[in-house]
Amino acid sequence: MQEEKGTMLRDSDRLYRRTMLRLGAALLVFLVLFRVMGPFLRGVCWLLGYRAEEVSETISVTVSELQDGMAYLLSFMLPVLVWRWMTPRTERQPMPFAPTVPRTAPLIIPAAVAIVLTAAVVNSRIMAMWGLSFSSASLPGEPAPYEAYRIVLMYLSTALIPAFCEEFLFRGLILRQLLPFGRTVAVVVSALTFGLMHQNAAQMFYATVAGLVLGFLCAETGSLFSGILVHLFNNLISVTEDVLTARFPGSAGNRLNALLEMTVIAVGLLCLAVLLLRH
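Residues numbered from 1 in each chain as written. Predicted model: local features only at pLDDT ≥ 70, side-chain atom pairs only at ≥ 80, totals over all residues. Heavy atoms only, no water.

**Some thoughts on the overall build of the protein chain**
Part 1 of the argument: For the protein chain, the helix and strand inventory stands at 8 helices and 0 strands.
Part 2 of the argument: Going from the N terminus to the C terminus, the protein chain shows its helices and strands as α-α-α-α-α-α-α-α.
Part 3 of the argument: Taken against the 2.2 N^0.38 rule, which gives 19 Å for 279 residues, the C-alpha radius of gyration of the protein chain at 21 Å falls within 12% of a compact globule.
Part 4 of the argument: Taking the principal axes of its C-alpha atoms as reference, the protein chain extends roughly 70 × 55 × 40 Å.
Part 5 of the argument: Sorting the 279 residues of the protein chain into buried and exposed places 42% on the buried side.
Part 6 of the argument: Within the protein chain, counting contacts between residues at least 6 apart in sequence, those at least 24 apart form 79% of the total.
Part 7 of the argument: Put simply, the protein chain shows about 15,200 Å² of open surface, and 69% of that area lies on carbon and sulfur atoms.
Part 8 of the argument: Across the protein chain, the mean location of the 21 positive side-chain charges is 9 Å away from that of the 18 negative side-chain charges. (Helix = DSSP H or I, 4+ residues; strand = E, 2+ residues; numbered from the N terminus. Rg over C-alpha atoms; globule rule 2.2 N^0.38 Å. Buried < 20%, exposed > 50% of the residue type's maximum accessible area, 1.4 Å probe, protein only. Contact = heavy atoms within 4.5 Å. Areas by Shrake-Rupley, 256 points an atom, 1.4 Å probe, with all protein chains shown as cover. Lys, Arg positive; Asp, Glu negative; His and termini not counted. Charge placed at Lys NZ, Arg CZ, Asp CG, Glu CD.)

This is how it looks when you write it as structure tokens:
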């Protein structure tokens, strides 16, 4: 019996090392693609005859944003294909694609969004004390947009695409493959890699907390769907704050953003209190 248990432990340890090495290789591919995919797609467009200076500003901005969105999508999706190529079928955990949410989703999702947003607010205050700052992404080389089509592009490229892509890689792949070795290991490792992925010290705390919340949701529900919704709502708030800052420059925009943040956090904390009382 002791020999069998020892053999099982050694096999589990070897499987864990193989899994970590493959995930590490997939993340290395991601880092390379994240750096080169954007310039590569712009080069392809140039070779196909596209010249930004020869088209209208609307077309130029739209093409640029679509290029960036496609680069982001491929940077997150292709590493998963590399991982599948490296990993035997018997050692793959299934991707949690089922579009399922718990019955308490109307409470869980606002509560999770509030926790992530609170972490972002705390993070921004700490960074301001240290003289650092970060803001959500806007169109390359452009001020925060005013035109309606630019706002739509921002919601698409900065909210929707990252919400799906990032959950697909960090929860769908990394967390899911580590779950057989323990929920805590899976959630913490996926959260830390998610924080490091942002490659920005000013966002590390906020992104890691978000990773913990999103990882817990995926592990608890067995699906990416709730995490994608939380991630999407969080990104929507960030882009909306950029839009409000553009529409209402100065103190008016700051007050509207503060009102938005306080409302979301208050509603989320109320939902969290109801959840805790139920349990």
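**Some words on the packing of aromatic side chains**
Aromatic ring pairs are described here by two measures, namely the spacing of the ring centres and the angle between the planes.
Part 1 of the argument: According to the stated counting rule, one finds 10 aromatic pairs in the structure shown.
Part 2 of the argument: With a centroid separation of 4.7 Å and an interplanar angle of 55 degrees, the aromatic rings of Phe30 and Phe76 are classed as tilted. With Phe30 in helix H1 (residues 2-47) and Phe76 in helix H2 (residues 57-86), the pair connects residues that are 46 residues apart, well separated along the chain.
Part 3 of the argument: A relative accessible area of 1% means that Phe30 is categorised as buried.
Part 4 of the argument: Ring centres of Phe164 and Phe168 lie 6.0 Å apart, and the angle between their planes is 20 degrees; on these two criteria the pair is classed as stacked. Of this pair, Phe164 and Phe168 both sit in helix H4 (residues 148-178), 4 residues apart, roughly one helical turn.
Part 5 of the argument: The exposure class of Phe164 is partly exposed, given its relative accessible area of 34%.
Part 6 of the argument: A relative accessible area of 9% means that Phe168 is categorised as buried.
Part 7 of the argument: Pairwise contacts between aromatic rings join Phe30, Phe34, Tyr72, Phe76, Phe170 and Phe194 into one cluster. (Phe/Tyr/Trp six-rings, centres within 6.5 Å; stacked < 30°, edge-to-face > 60°.)

**With respect to the nonpolar core**
Part 1 of the argument: Within the largest apolar cluster, 47 residues are counted, with the highest numbers of intra-cluster contacts made by Phe76, Leu169, Phe170, Leu173 and Val230.
Part 2 of the argument: Secondary-structure elements contributing two or more residues to this core are H1, H2, helix H3 (105-129), H4, helix H5 (183-197), helix H6 (204-221), helix H7 (225-247) and helix H8 (251-278).
Part 3 of the argument: In contact with Val230, other than residues within four places in its own chain, are Ile109, Ala112, Val113, Leu214 and Leu217. (Core = buried A, V, L, I, M, F, W, Y, C linked by side-chain atoms within 4.5 Å.)

**A few points about the confidence of the model for the protein chain**
Part 1 of the argument: Chain-level statistics for the protein chain give a pLDDT mean of 86 and a share of 91% at 70 or above.
Part 2 of the argument: Across residues 136-144, where pLDDT falls below 50, the model places 17 contacts with residues more than four positions away in sequence or in other chains. (pLDDT = per-residue confidence, 0-100.)

**Observations concerning H5**
Part 1 of the argument: Spanning 15 residues, H5 covers 21 Å between terminal C-alpha atoms, matching the ideal 21 Å at 1.5 Å per step.
Part 2 of the argument: Those residues of H5 lying buried are Ala186, Val187, Ser190, Ala191, Thr193, Phe194, Gly195 and Met197. (Expected span 1.5 Å × (residues − 1).)

**Remarks on the packing of H3 against H8**
Part 1 of the argument: In contact at an axis separation of 7 Å, H3 and H8 are set at 130 degrees when each is read in the N-to-C sense. In terms of orientation, H3 and H8 fall into the oblique class. Our pair here, H3 against H8, has a crossing hand that is left-handed. Where H3 approaches H8, its residues Pro106, Leu107, Ile108, Pro110, Ala111, Val113, Ala114, Leu117, Thr118 and Val121 are matched on the opposing element by Glu261, Val264, Ile265, Gly268, Leu269, Cys271, Leu272, Val274, Leu275 and Arg278.
Part 2 of the argument: Among the residues forming the contact of H3 with H8, the class breakdown is 16 nonpolar, 2 polar and 2 charged. (Axes fitted to C-alpha atoms, helices over the stretch in contact; angles between N-to-C directions. Parallel < 35°, antiparallel > 145°, perpendicular 65-115°, else oblique. Left-handed = near helix turned anticlockwise from the far one by under 90°. Nonpolar A, V, L, I, M, F, W, Y, C, P; charged D, E, K, R; others polar.)

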